[in-house]
Amino acid sequence: MIDVEQPFNVLHGGLSAMIAEALASFGASFTMGGKRVAGVQLSINHLKSSKTGDYIVAEATPVTMGKSLHVKEHLIK
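Quick caveat: nothing in here was measured; it's all calculated off a predicted structure.

**Digging into the overall build of the protein**
Point 1. When its secondary structure is counted, the protein shows 1 helix and 4 strands.
Point 2. Oriented by its inertia axes, the alpha-carbon framework of the protein measures out at about 45 × 25 × 20 Å.
Point 3. By residue count, 12% of the 77 residues in the protein fall in the buried class.
Point 4. Long-range contacts, defined as pairs at least 24 residues apart, comprise 47% of the intrachain contacts of the protein with a sequence gap of at least 6.
Point 5. Of the roughly 6400 Å² of accessible surface on the protein, a fraction of 59% belongs to carbon and sulfur atoms.
Point 6. The distance from the centre of the 7 positive side-chain charges to the centre of the 6 negative ones in the protein is 13 Å.

What follows is the structure, given as structure tokens:
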């Protein structure tokens, strides 16, 4: 089992970054008809912590979607 917690049972920030990157890649690939895509930049702000056993929901909203660059905003709660 992979440890996804920091001390005191707080969700590791790297897990939220992985979720955001996965959502962005899936969304971009789907939008581009299954073409290969790659992430360019990832910026994460942790405004609230999640604890062990919390139910996590992730949403991705397109901000701009060009021919070669998509920007999405992610909310993980």
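**A few points about the packing of aromatic side chains**
Point 1. Taken as a whole and judged by the stated rule, the model has 1 aromatic pair.
Point 2. Seen from their ring centres, F26 and F30 are 6.3 Å apart, and the 20° between their planes marks the pair as stacked. Placement of both F26 and F30 in helix α1 (residues 13–31) is noted, with a separation of 4 residues, approximately one turn of the helix. There is no split in this pair, since F26 and F30 are both exposed.

**Quick word on the pairing of strand β3 (residues 58–65)**
Point 1. Inspection of the sheet shows β3 paired to strand β4 (residues 70–76) by 7 bridges, in the antiparallel sense. Counted as the bridge partner of A60 is H74 from β4.
Point 2. Two successive antiparallel strands, β3 and β4, enclose a turn made up of 4 residues.

Rules of the game
- Residues numbered from 1 in each chain as written.
- Predicted model: local features only at pLDDT ≥ 70, side-chain atom pairs only at ≥ 80, totals over all residues.
- Heavy atoms only, no water.
- Helix = DSSP H or I, 4+ residues; strand = E, 2+ residues; numbered from the N terminus.
- Buried < 20%, exposed > 50% of the residue type's maximum accessible area, 1.4 Å probe, protein only.
- Contact = heavy atoms within 4.5 Å.
- Areas by Shrake-Rupley, 256 points an atom, 1.4 Å probe, with all protein chains shown as cover.
- Lys, Arg positive; Asp, Glu negative; His and termini not counted.
- Charge placed at Lys NZ, Arg CZ, Asp CG, Glu CD.
- Phe/Tyr/Trp six-rings, centres within 6.5 Å; stacked < 30°, edge-to-face > 60°.
- Pairing = 2+ DSSP bridges.

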